[in-house]
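A closer look at the structure
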Amino acid sequence: MAPAVLLEKIGKVAKITLNAPERLNAMSLEIAEEFGRIVDSLCEDPSEYGAVVITGAGRAFSAGGDLGWLRLRSEDTPSRNSEIMHDYYGKFLCVRRLPLPVVAAIN
């Protein structure tokens, strides 16, 4: 199975690709976790890069949240759901911590 998120170095550019084109790169928990790991690694040592480009594989950048997974969240307790959703969205919002310019290549 292919990685949910790819990191490719192109010159001084870190290209991050959401890699679930069959689901229009819907933001699943798997994509969130891998995206967060990649961003964390770039934050730890950005010295090889001058910029970051984020894009999606296939015909869509991202369809948004994975509705199946989000629907299941409603079955949990409100306090537990709050913790899980805070962590989930934090994995995507961590991009704000990058010490490099970030460009979204929307397709």
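Everything here concerns the structure above.
Residues numbered from 1 in each chain as written. Predicted model: local features only at pLDDT ≥ 70, side-chain atom pairs only at ≥ 80, totals over all residues. Heavy atoms only, no water.

Inspection of the secondary structure puts Leu18 in strand 2 (residues 13–18). Put simply, Leu18 and Pro3 are 15 residues apart on the chain and 9.1 Å apart in space, counted from C-alpha to C-alpha. Residues contacting Leu18, with those up to four places away along its chain left out, are Ala4, Val5, Asn25, Ile31, Phe35, Thr55, Gly56, Ala57, Phe61 and Ser62. (Helix = DSSP H or I, 4+ residues; strand = E, 2+ residues; numbered from the N terminus. Contact = heavy atoms within 4.5 Å.)

Here we take up the pattern of salt bridges. Evaluated as defined, the whole model comprises seven salt bridges. Between Asp76 and Arg80 there is a salt bridge; the shortest N-O distance is 2.9 Å. A residue is classified by how much of its surface remains accessible, and Arg80, at 48% relative accessible area, is partly exposed. A salt bridge links Asp87 to Lys91, with the nearest nitrogen and oxygen atoms 3.4 Å apart. Of this pair, Asp87 and Lys91 both sit in helix 3 (residues 78–93), four residues apart, which is roughly one turn of that helix. Residue Asp87 is classed as partly exposed on the basis of its relative accessible area of 43%. (Salt bridge = Lys/Arg side-chain N within 4 Å of Asp/Glu carboxyl O. Buried < 20%, exposed > 50% of the residue type's maximum accessible area, 1.4 Å probe, protein only.)

What characterises a pair of aromatic rings is the spacing of the ring centres plus the angle enclosed by the ring planes. What the rule picks out here adds up to four aromatic pairs. Ring geometry for Tyr88 and Phe92: centres 5.6 Å apart, planes at 85°, overall edge-to-face. In this pair, Tyr88 and Phe92 both sit in helix 3, four residues apart, roughly one turn of the helix. Accessibility assignment for this pair places Tyr88 and Phe92 in one class, buried. Ring-pair connections join several aromatic residues into one group, and the members of that group are Phe35, Trp69, Tyr88, Tyr89 and Phe92. The positively charged end of Lys9 is found above the aromatic ring belonging to Tyr49, 5.8 Å away from the centroid. Directly above the ring of Trp69 sits Arg73, whose terminal nitrogen or CZ lies 5.6 Å from the centroid. (Phe/Tyr/Trp six-rings, centres within 6.5 Å; stacked < 30°, edge-to-face > 60°. Lys NZ or Arg CZ within 6 Å of the ring centre and 35° of its normal.)

If you walk across this open sheet you meet the four strands as 1-2-3-4, and the pairing is mixed. The open sheet has two edge strands with one neighbour each: strand 1 (5–10) and strand 4 (102–105). Neighbour to neighbour, the strand axes of the sheet diverge by 20° on average, direction disregarded. Two elements, strand 3 (residues 51–56) and strand 4, share four bridges in a ladder whose sense is parallel. Each bridged residue has a counterpart across the sheet, and for Val52 the counterpart in strand 4 is Val102. (Pairing = 2+ DSSP bridges. Axes fitted to C-alpha atoms, helices over the stretch in contact; angles between N-to-C directions.)

Our next topic: the pairing of strand 2. On a regular strand, each side chain points to the face opposite its neighbour's, so the side chains alternate between the two faces of the sheet. In this sheet, strand 2 lies alongside strand 1 in antiparallel orientation, the contact comprising six bridges. Pairing of Ile10 across the sheet is with Val13, part of strand 2. In this antiparallel pair of consecutive strands, strand 1 and strand 2, the connection spans two residues, and Gly11 shows a positive phi of 65°. Bridge count between strand 2 and strand 3: six bridges; the pairing is parallel.

So yeah, pure geometry; function would need other evidence.
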